[in-house]
Amino acid sequence: MFETLTDRFEGILTRLRGRGRLGDAEIAEVLREIRVALLEADVSLEVVRDLLERIRERCSGAELSKSLTPAQQVIKVVDEELTATLGGESFKLTYASKPPTVVLLAGLQGAGKTAAAAKLARWFKQQGRHPLLVGADLQRPAAVEQLRVLGRDVGAAVFSEPTDPVAVARRGVEEAVRVGRDVVVIDTAGRLAIDEALMREVAEVSAATRPHYTLLVVDAMTGQDAVRTARAFHETLELDGIILTKVDGDARGGAALSVKQVVGKPVAFVSTGERPAEFEPFYPDRMASRILGMGDVLSLIEKAEREYDEDVAAKAVERLRAGRFSLEDFHEQLQQMKKMGPLQNMLGMLPGIPKEVRDAGIDESQVSRIEAIIRSMTPQERDDPSVINGSRRMRIAAGSGTSTSDVNNLLRQFKEMQRFMRSSGMAGALARSGPRRKKKQGGRSSSRKGAGSRH
Amino acid sequence: MAPPPEPASTAAPPLPPAAPPLPPAVVEAELEEELHLPEAIPEAKRPRVRERVGRARELFAAPFASIRRRAKIDEATFEALEEALLLADVGLPTTERLLTPLRERLAAKALGDDPDALLEALKQDATALFAGEDRALHRESDTTSVWLFVGVNGVGKTTTIGKLATFEKAAGRDVVLAAGDTFRAAAGEQLELWGERSGAEVVRGTEGADPSSVVFDAIQHAAAKGAPLVLADTAGRLHTKVNLMEELRKVRRVADRPPGKVTEVLLVLDATTGQNGLAQARQFTEAVAVTGVVLTKLDGSAKGGVVLAIRSELGLPIKLVGLGEGAPDLVEFDPEEFVGALFD
Ligand SMILES: Nc1nc2c(ncn2[C@@H]2O[C@H](COP(=O)(O)OP(=O)(O)OP(=O)(O)O)[C@@H](O)[C@H]2O)c(=O)[nH]1
Ligand SMILES: Nc1nc2c(ncn2[C@@H]2O[C@H](COP(=O)(O)OP(=O)(O)OP(=O)(O)O)[C@@H](O)[C@H]2O)c(=O)[nH]1
Ligand SMILES: [Mg+2]
Ligand SMILES: [Mg+2]
């Protein structure tokens, strides 16, 4: 399916070749395709609408990239938006100062709560904790027995009694205190968001146990209903996070986006199979590429960008060696460096940078100003700054919204830099701008497996 | 009578021992120190539980009300219709398949100006998708009929069997339940409880036993005592897992040997499922020749619209609908009612 989506993108966007910007007509067409893809992935309608708006904003009038085809460029924007929606603050579990830390699981029937309870218990044990599983589902036939068997599998004690869910949960926490268990995981019965009596019941369980973490268990195959259900559970229980289950199938998992957007709390774990060990932390980028269904395309995009970066760096070095390093090159380098993350880190990683430079501290807003100034220059000026006279200075300052003294400063710094570079190991350092490449490869492409892959 | 294909572990063993009593209150020695940990939650979070559940109904306001309020039919009307269908999980291809002819009729001035009429026409078209489907649950009189229940994890296979068993017993027909899920924790116990509730006999294997041999045993047992029907439970499995689908094929093959005859293979589908439902239907049909769909959990806020896509793309009939967790919460599929609910 993803080949066709990319193909369609390419089809729409080839018209743009040779033009400088993404046109509104093309963007509208591409957005229609994205909408189809997102709906097919079960992203909820309201979230789709929201995303499309953001993607439109970022694409309209955007300059065409040098390293990517227009289609790739748009896909990258989409991927970034999805990742941003799915990501943000990641789930952090802090243990209660006065144990036990109480975790409550809730969700629709059959979502995978009981399985997830056992998985969590196993995970807590790996963290060196001593979890107690509490079976507060007294409704579904053999639910407690199921939890007992799973508890035995993962080596966690299970508490339950045939009273009522609120009493069991409360007594479960008391039992944990009594026997010195430092984590309690409460499994509850499946319930529909519109079942008022049962929603009230789970609210009472929550009130009686005051869980530190309430997690909504959501099936990755869920369709449009994900939003309604998540909203209702969130209103009733104030969720702290999400567990996404059955990610081992081929559902594109758009529900993750919907629920994340509605609840505004991180996806804490994904469940990738029926066995207790099949449980992982959540990686937003994997999920994004899965929803988009374009893992392969995204790695291609990364590669294209990386190769382009390397190409640019190599050219810069060459020009540097030949003493022809211009403001244009400087601008490119700044762009490259910005992509690499905070400049401070970057400089720290480069060999051969004098300590004074490294410690000087780099002001990122300063960098934007420099960029603005360079962008206001003509190609000729960038190539040969010596032509920049007084009136040109004023024009550049006005064009970049800076002052002539800013322009002067930049020109002086650039001159110094040229000198410094010629005399130092910077040229070699640029050619080897390795740390970043390694970092990026490790972070991204390895994470493309797992949730992103289909079995 | 054909011998069981896998003689190993076919003899229905006694039930596994009951769960051990609650573990004694063990206090590990080193645990005491761990009780007071440095990391603290900044003031244990209070679950300010909101009692707003009563509002839930309002949240699910009917998208079609706004369509009815419109004075005429225009592009916005169609957009609203499209939105409502998408919200019901009908999916884009089927939604377009339904709306395109209506657009054409509108263009040909064959629809009038009344949004209500448009809605009625759409309902009729959607209902017509189910026209002529074979909703009967088949049995054959001179063999032991087997209804095989298949589907992904947690959709309601076991519960549906429990409901049907209750129904059959109440109708005075004997039925045997085959605990073909030998994998999931306490799946056998769950079916056993449904057996107790309904009065149907349950045939079980050991945990981890070959499911086809359990189903085979159940058929033998039913044939021996003259029960005409076996409801065979299977473990939930994702349609993408090749080995598990292979296992299911084998269950079907074995169940089809005399005196058994597979007369229904029912795919159980959760109404909350989105577009993946289509892939499920496709894969299960390919593996075990599904004869019909049971749509469960339609008592929730999900509309189960993906069955429109399943029906129109794969031609599978929808046979039963689950409307709750209790024994009586199972009804025959009624297209008009279903489509009506889709548009409420
Ligand atoms: N393939 C797969 N199956 C899963 C996963 N998580 C749970 N399951 C299966 O899904 C089914 C339902 O899981 P349960 O843990 O019983 O679900 P539940 O939410 O407790 O269900 P109720 O208590 O009935 O509401 C079982 O067959 C589980 O083994 C998963 O990540 N992948
Ligand atoms: N609300 C509602 N809940 C249902 C319905 N059918 C089943 N359930 C519930 O859904 C959950 C899962 O049902 P099961 O019958 O265990 O599902 P299954 O397909 O056998 O699950 P596995 O064997 O684990 O794959 C249980 O909590 C059932 O009570 C229904 O029609 N409506
Ligand atoms: Mg459960
Ligand atoms: Mg089952």
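Treat the numbers as computed from the prediction; the structure is a model and nothing was measured. (Residues numbered from 1 in each chain as written. Chains lettered and ligands numbered in written order. Predicted model: local features only at pLDDT ≥ 70, side-chain atom pairs only at ≥ 80, totals over all residues.)

1. Notes on the overall build of chain A
And step 1. Check the secondary structure of chain A and you find 21 helices and eight strands.
And step 2. Counting over 455 residues, chain A shows a buried share of 46%.
And step 3. Nonlocal contacts in chain A, meaning residues at least 24 apart in sequence, comprise 76% of its contacts between residues at least 6 apart. (Helix = DSSP H or I, 4+ residues; strand = E, 2+ residues; numbered from the N terminus. Buried ≥ 20, exposed ≤ 12 C-beta atoms within 10 Å, placed from the backbone. Contact = placed C-beta atoms within 7 Å.)

2. Points about the overall build of chain B
And step 1. Assigned secondary structure in chain B consists of 13 helices and eight strands.
And step 2. In chain B, which comprises 344 residues, the proportion classed as buried is 46%.
And step 3. Once local pairs closer than 6 in sequence are excluded, the contacts in chain B between residues at least 24 apart make up 77%.

3. A closer look at the site of ligand 2
And step 1. If you check the shell around ligand 2, you find 28 residues, and the closest are Q109 of chain A together with G156, T159, G236 and G322 of chain B.
And step 2. Chains contributing residues near ligand 2 are chains A and B.
And step 3. In the shell around ligand 2, the residues fall into six nonpolar, 14 polar and eight charged. (Near = placed C-beta within 6 Å. Nonpolar A, V, L, I, M, F, W, Y, C, P; charged D, E, K, R; others polar.)

4. Details of the packing of helix α9 (residues 211-225) of chain B against helix α10 (residues 242-255) of chain B
Residues and elements named next belong to chain B.
And step 1. Contact geometry for α9 and α10: axes closest at 8 Å, N-to-C directions at 20°. In terms of orientation, α9 and α10 fall into the roughly parallel class. The two elements α9 and α10 meet at a crossing, and its hand is right-handed. Residues P211, S212, V215, F216 and I219 of α9 form the contact with α10, whose participating residues are E247, K250, V251, V254 and A255.
And step 2. Classifying every residue of the contact of α9 with α10 by side-chain character gives seven nonpolar, one polar and two charged. (Axes fitted to C-alpha atoms, helices over the stretch in contact; angles between N-to-C directions. Parallel < 35°, antiparallel > 145°, perpendicular 65-115°, else oblique. Left-handed = near helix turned anticlockwise from the far one by under 90°.)

5. As for the sheet that holds strand β1 (residues 144-150) of chain B
All names here are of chain B.
And step 1. Here we have eight strands laid out as an open sheet, ordered β3-β2-β4-β1-β5-β6-β7-β8, and mixed in their pairing. In this open sheet, the two strands that pair with only one neighbour each are β3 (201-203) and β8 (330-332). Across the sheet, the axes of successive neighbouring strands diverge by a mean angle of 25°, strand direction being ignored.
And step 2. Judged from the three bridges that link them, strand β6 (residues 292-296) and strand β7 (residues 318-322) form a sheet pairing that is parallel. Across the sheet, the residue bridging to V293 is I318, located in β7.
And step 3. With respect to the sheet, helix α7 (residues 157-170) is in contact with β1, β2 (175-180), β4 (229-234), β5 (260-270), β6, β7 and β8, its orientation differing from that of β4 by roughly 165°.
And step 4. Relative to β1, α10 is tilted by about 170°, and along the sheet it contacts β1, β2, β4 and β5. (Pairing = 2+ DSSP bridges.)

6. Quick notes on the site of ligand 1
And step 1. Near ligand 1, the surroundings consist of 26 residues, among which G112, G190 and S271 of chain A together with N153 and G154 of chain B are the closest.
And step 2. Residue neighbours of ligand 1 fall on chains A and B, so the site bridges chains.
And step 3. Ranked by the residues each element gives to the shell around ligand 1, the list is headed by helix α5 (residues 113-126) of chain A, at three residues.
And step 4. Broken down by class, the residue content of the shell around ligand 1 amounts to six nonpolar, 13 polar and seven charged.

7. Re unusual backbone geometry
And step 1. Note that the residue after P99 of chain A, namely P100 of chain A, is joined by a cis bond; omega there is 5°.
And step 2. A cis amide bond, omega 5°, links P258 of chain B with the succeeding residue P259 of chain B.
And step 3. Structurally, the position occupied by P259 of chain B is in the loop between α10 and β5.
And step 4. Located in the positive-phi region is D42 of chain A, a residue other than glycine, with phi close to 70°.
And step 5. By the element assignment, D42 of chain A lies in the loop between α2 (24-40) and α3 (45-59).
And step 6. A positive phi angle is found at K246 of chain A, which is not glycine, with a value near 60°.
And step 7. Its location among the elements puts K246 of chain A in the loop between β6 (241-245) and α10 (254-263).

8. Here's the deal with the nonpolar core
And step 1. Residues V103, L133, V185 and I186 of chain A together with A178, L231 and A232 of chain B are the most contacted members of the largest nonpolar core, which totals 190 residues.
And step 2. Ranked by residue count, the leading element in this core is α5 of chain A, at eight residues.
And step 3. Composition of this core by domain shows at least three residues from each of domain 1 (3-86) and domain 2 (101-294) of chain A.
And step 4. The residues contacting A232 of chain B, other than those within four sequence positions of it, are V146, W147, L148, F149, A178, G180, V215, A218 and A255 of chain B.
And step 5. In this structure, F330, I373, M377 and V407 of chain A belong to the second largest nonpolar core, which totals nine residues. (Core = buried A, V, L, I, M, F, W, Y, C linked by C-beta atoms within 7 Å. Domains from an automatic or database assignment.)

9. As for the environment of L229 of chain B
All names here are of chain B.
And step 1. Along the polypeptide, L229 turns up in strand β4.
And step 2. Owing to 22 C-beta atoms within 10 Å, L229 belongs among the buried residues under this scheme.
And step 3. Contact partners of L229, with chain neighbours within four places excluded, come to R139, S145, W147, E168, R173 and V175.

10. Describing the sheet that holds strand β1 (residues 101-107) of chain A
Residues and elements named next belong to chain A.
And step 1. Spatially, β3-β2-β4-β1-β5-β6-β7-β8 is the arrangement adopted by the eight strands of the open sheet, whose pairing is mixed. Of all strands in the sheet, those with a lone pairing partner are β3 (157-159) and β8 (279-281), marking the two edges. Strand-to-strand twist in this sheet, taken as the mean axis angle between neighbours without regard to direction, amounts to 25°.
And step 2. In the packing of helix α6 (residues 143-154) onto the sheet, contacts are made with β2 (131-136), β3 and β4 (183-188), and the angle to β2 comes to roughly 165°.

11. Some points on the pairing of β1 of chain A
Within a regular strand, the side chains alternate between the two sheet faces.
Residue and element names in this part refer to chain A.
And step 1. With respect to burial, β1 is a largely interior element, seven of its seven residues being buried.
And step 2. Where β1 meets β4, four bridges bridge the pair, whose relative direction is parallel. Following the sheet pairing, V103 is matched in β4 by V185.
And step 3. Note that β1 and strand β5 (residues 213-219) share five bridges and pair parallel. Bridge pairing in β5 links A106 to L216.

12. Some words on the domain arrangement of chain A
Residues and elements named next belong to chain A.
And step 1. By the assigned domains, chain A splits into domain 1 (3-86), domain 2 (101-294) and domain 3 (307-433).
And step 2. The centre of domain 1, based on its C-alpha atoms, is set 35 Å off from the matching centre of domain 2.
And step 3. If you look at the interface, domain 1 gives 19 residues, while domain 2 gives 24 residues.
And step 4. Looking at the side of domain 1 that touches domain 2, the elements with two or more residues in it are α1 (2-13), α2, α3 and α4 (70-86).
And step 5. Broken down by element, the side of domain 1 that touches domain 2 gets its largest block of residues, seven residues, from α4.
And step 6. Here the side of domain 1 that touches domain 2 is built from residues that sort into eleven nonpolar, four polar and four charged.

13. Notes on the environment of A117 of chain B
Residue and element names in this part refer to chain B.
And step 1. With respect to the helices, strands and loops of the structure, A117 is situated in helix α6 (residues 115-128).
And step 2. Exposure remark for A117: the 12 C-beta atoms within 10 Å place this residue in the exposed category.
And step 3. Put simply, A117 and H138 are 21 residues apart on the chain and 38 Å apart in space, counted from C-alpha to C-alpha.
And step 4. Non-local contacts of A117, meaning those with residues more than four positions away in its chain, are made with L111 and G112.

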